[in-house]
Amino acid sequence: MQALDLLTSRRSEKKLFEPAPSKDQLEKMFQAALHTPDHGKLQPYHFVVIEQDRLAYLADLLKEAVNELNLGEERLKKAESFATRAPMIIGVVAKINKDIKKVPAWEQMLTAGCATYALQLAANAQGFANVWVTGPWIDGSALRQAFGCEQHDKIVALVMIGTEEEKISRDPKVINTENIVRYL
Ligand SMILES: Cc1cc2nc3c(=O)[nH]c(=O)nc-3n(C[C@H](O)[C@H](O)[C@H](O)COP(=O)(O)O)c2cc1C
């Protein structure tokens, strides 16, 4: 697929089935992430791959977050079903180093966001559907610990990845740019 077609036809997909990416396909996704713009070449992100057999553990961590942060009954139900909605989830942690004056925290956070998007696109390019989700549970202590977060780190994404039930070929979609572009 041409790069521009991929960029303008991609959509998120929440109904995700097996197969998930293989190790080789995952490696290509991480390579794409590692090629995102990165001031100071800090690689300010970590990826936590949660394969099928560890999704129940992720659900437990999310439930713990719901209880710790008092997120309510509805979230608790969501936490229970979350792990059944995709065959693979990749957590993205923005690794924020506040001691680097030349590259402030917001720049490091943006690089982690770019890396997440590159990961999504590289999954799409290999035929996998996905969606970037977060939710208030990303600040749960047990989840943060399991993802290896240090004090200033932030979990910025839980990318759910799998295969669409039926492959839909999507045409590039043209969206009005009038209100978001100006020339100086
Ligand atoms: C930082 C970030 C957090 C997001 N969190 C959620 C989320 O928790 N739940 C959700 O349904 N969509 C979330 N989204 C939006 C979806 O990933 C998706 O972009 C949106 O549903 C629009 O669909 P599209 O990508 O097909 O245009 C988030 C997006 C970003 C960039």
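The rules we used
- Residues numbered from 1 in each chain as written.
- Predicted model: local features only at pLDDT ≥ 70, side-chain atom pairs only at ≥ 80, totals over all residues.
- Helix = DSSP H or I, 4+ residues; strand = E, 2+ residues; numbered from the N terminus.
- Buried ≥ 20, exposed ≤ 12 C-beta atoms within 10 Å, placed from the backbone.
- Axes fitted to C-alpha atoms, helices over the stretch in contact; angles between N-to-C directions.
- Left-handed = near helix turned anticlockwise from the far one by under 90°.
- Contact = placed C-beta atoms within 7 Å.
- Nonpolar A, V, L, I, M, F, W, Y, C, P; charged D, E, K, R; others polar.
- UniProt positions renumbered as here; feature names shortened; annotations may be inferred.
- Pairing = 2+ DSSP bridges.
- Parallel < 35°, antiparallel > 145°, perpendicular 65-115°, else oblique.

Participant: Where do I start with the environment of Ala-56 in this structure?
Facilitator: In this structure, Ala-56 sits in helix 3 (residues 55-68). Residue class for Ala-56 comes out exposed when judged on the 12 C-beta atoms lying within 10 Å of it. Taking the C-alpha atoms as reference points, Ala-56 and Trp-137, 81 residues apart in sequence, are found 16 Å from one another.

Participant: What is the right way to look at the packing of helix 2 (residues 23-34) against helix 5 (residues 105-125) in this model?
Facilitator: Helix-helix packing: each pair is described by the crossing angle between the helix axes and the interaxial distance. The geometry of helix 2 relative to helix 5 is characterised by a closest axis approach of 8 Å and an angle of 140 degrees between their N-to-C directions. Both helix 2 and helix 5 take part in a crossing whose hand is right-handed. Of the residues in helix 5, those touching helix 2 at Lys-28, Met-29, Ala-32 and Ala-33 are Ala-115, Ala-118, Leu-119, Leu-121, Ala-122 and Ala-123. Across the contact of helix 2 with helix 5, the residue classes break down as 9 nonpolar, no polar and 1 charged.

Participant: How should I be thinking about the UniProt feature "binding site: FMN" (unreviewed entry) in the chain in this particular structure?
Facilitator: Following the UniProt record, one finds the feature "binding site: FMN" (unreviewed entry) at Arg-10, Arg-11, Ser-12, His-39, Trp-132, Val-133 and Thr-134. In sequence the annotated residues extend across 125 residues, and in space they extend as well, their farthest C-alpha pair lying 28.2 Å apart. Position of Trp-132 relative to the elements: it lies in strand 3 (residues 129-133). Not counting residues up to four positions away in its chain, the partners in contact with Trp-132 are Thr-116, Gln-120, Ala-157 and Val-159. Setting aside anything within four residues of it in sequence, one finds Thr-134 in contact with Ala-157 and Leu-158.

Participant: Looking at this model, I keep getting lost on unusual backbone geometry. Mind explaining?
Facilitator: Both trends apply: most residues other than glycine have a negative phi, and most peptide bonds are in trans. Of note, the bond from Glu-18 into Pro-19 is cis; its omega dihedral lies within 30 degrees of zero at 5 degrees. Mapped onto the elements, Pro-19 comes out in the loop between helix 1 (3-9) and helix 2. Even without glycine at this site, Lys-41 takes up a positive phi of about 45 degrees. In this fold, Lys-41 is placed in the loop between helix 2 and strand 1 (45-51). Judged by C-beta crowding, with 8 C-beta atoms within 10 Å, Lys-41 ranks as exposed. Even without glycine at this site, Asn-70 takes up a positive phi of about 50 degrees. Within the fold, Asn-70 resides in the loop between helix 3 and helix 4 (73-82).

Participant: Just to check I follow, could you spell out the sheet that holds strand 2 (residues 88-94) for this structure?
Facilitator: In any sheet, the strands associate via hydrogen bonds between backbone groups, in a parallel or an antiparallel arrangement. A sheet is described by the order of its strands in space; here 4 strands give the open sequence 1-2-4-3, paired in antiparallel fashion. For this open sheet the edge positions go to strand 1 and strand 3, each flanked by a neighbour on one side alone. Pairs of neighbouring strands in the sheet enclose a mean axial angle of 20 degrees, with direction left out of account. The pairing of strand 3 with strand 4 (residues 154-162) spans 5 bridges and is classified as antiparallel. What sits directly across from Asn-130, in strand 4, is Ile-161. The sheet strands contacting helix 5 are strand 1, strand 2, strand 3 and strand 4, and the helix crosses strand 4 at an angle near 5 degrees.

Participant: Is there a simple way to think about the packing of helix 3 against helix 4 in this case?
Facilitator: At a minimum axis distance of 8 Å, the contact between helix 3 and helix 4 shows a crossing angle of 170 degrees. Classed by the angle they form, the pair helix 3 and helix 4 counts as roughly antiparallel. Across the interface between the two elements, Ala-59, Leu-62, Lys-63 and Val-66 from helix 3 touch Arg-75, Leu-76, Ala-79, Glu-80 and Phe-82 from helix 4. Residues of the contact of helix 3 with helix 4, tallied by class, amount to 6 nonpolar, no polar and 3 charged.

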